[in-house]
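# Coordinates in review
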Amino acid sequence: MVDIKNTVLKLNEMAAINAAAAADGDGAAIDYTKKDDGKILLLIGGANGKAVIKKGDMIQGVRDMEIDVTTAEKAIVVESGRFMNRDGKVVVSGLSGVTVRAVELP
């Protein structure tokens, strides 16, 4: 599993968004420990255009969310209670070519 480095934004300051990481295989883990809301996940699809945000392992984690993505970049804000695991990570997996970036709002 690949750990995603969140891009942390500050008010009134520009920031370069960290490089995307591949979500194939075991997936990509996004850190939600410092702030469990206010994160935007940016997904770029591969040839098949499917990504899955895995359900969390806590009480609200009842089902995965499958997302259709294409080669265009898409953005989503997910509910941490539904998708965060006890280790504070949200996991996104996808088939070949799906990549993920995370932006943390101030």
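Residues numbered from 1 in each chain as written. Predicted model: local features only at pLDDT ≥ 70, side-chain atom pairs only at ≥ 80, totals over all residues. Heavy atoms only, no water.

### Points about the overall build of the chain
Looking only at helices and strands, the chain has one helix and 10 strands in total. Reading the chain from its N end, one meets helices and strands in the order β-β-β-β-β-β-β-β-α-β-β. For 106 residues, the compact-globule estimate of 2.2 N^0.38 gives 13 Å, and the C-alpha radius of gyration of the chain, at 13 Å, lies within 12% of that figure. Taken along the three principal axes of its C-alpha coordinates, the chain extends 35 × 35 × 20 Å. The buried share of the chain, reckoned over its 106 residues, is 42%. Contacts in the chain between residues at least 24 apart in sequence constitute 75% of all its contacts with a sequence separation of at least 6. As presented, the chain carries roughly 6000 Å² of accessible surface, and 54% of it is formed by carbon and sulfur atoms. For the chain, the centre of its 14 positive side-chain charges and the centre of its 15 negative side-chain charges are spaced 1 Å apart. (Helix = DSSP H or I, 4+ residues; strand = E, 2+ residues; numbered from the N terminus. Rg over C-alpha atoms; globule rule 2.2 N^0.38 Å. Buried < 20%, exposed > 50% of the residue type's maximum accessible area, 1.4 Å probe, protein only. Contact = heavy atoms within 4.5 Å. Areas by Shrake-Rupley, 256 points an atom, 1.4 Å probe, with all protein chains shown as cover. Lys, Arg positive; Asp, Glu negative; His and termini not counted. Charge placed at Lys NZ, Arg CZ, Asp CG, Glu CD.)

### Concerning the sheet that holds strand β9 (residues 89-94)
Hydrogen bonds between backbone atoms are what pair the strands of a sheet, whose relative direction is either parallel or antiparallel. Strand order in the open sheet formed by five strands is β1-β4-β9-β6-β7, and the pairing between neighbours is mixed. Among the strands making up the open sheet, the edge pair consists of β1 (2-4) and β7 (65-68). Ignoring which end each strand starts from, the neighbouring axes of this sheet average 30° apart. (Pairing = 2+ DSSP bridges. Axes fitted to C-alpha atoms, helices over the stretch in contact; angles between N-to-C directions.)

### Digging into the pairing of strand β5 (residues 39-44)
Both β5 and strand β10 (residues 99-104) contribute to a ladder of six bridges, which runs antiparallel. The residue bridging Lys39 from the neighbouring strand is Glu104, located in β10. Note: β5 against strand β8 (residues 73-76), four bridges, orientation antiparallel. For Leu43, the partnering residue across the bridge sits in β8 and is Lys74.

### A closer look at the side chain of Arg101
Positionally, Arg101 belongs in strand β10. Polar side-chain contacts of Arg101 include one of 2.6 Å to the side chain of Glu73. Beyond its immediate stretch of four places on either side in the chain, Arg101 contacts Ile4, Ile17, Asn18, Ala19, Ala20, Ile40, Leu41, Leu42 and Glu73. (Polar contact = N/O pair within 3.5 Å; in protein donor to acceptor, adjacent residues only side chain to side chain.)

### A closer look at the nonpolar core
The biggest cluster of nonpolar side chains holds 21 residues, and the ones touching the most others in it are Ile30, Leu41 and Ile53. Of all the elements in the fold, those that place two or more residues in this core are β4 (28-31), β5, β6 (50-53), β9 and β10. Beyond its immediate chain neighbours, meaning those up to four positions away, Ile30 contacts Ile4, Asn6, Lys39, Leu41, Gly88, Lys89, Val90, Val92, Val100 and Ala102. (Core = buried A, V, L, I, M, F, W, Y, C linked by side-chain atoms within 4.5 Å.)

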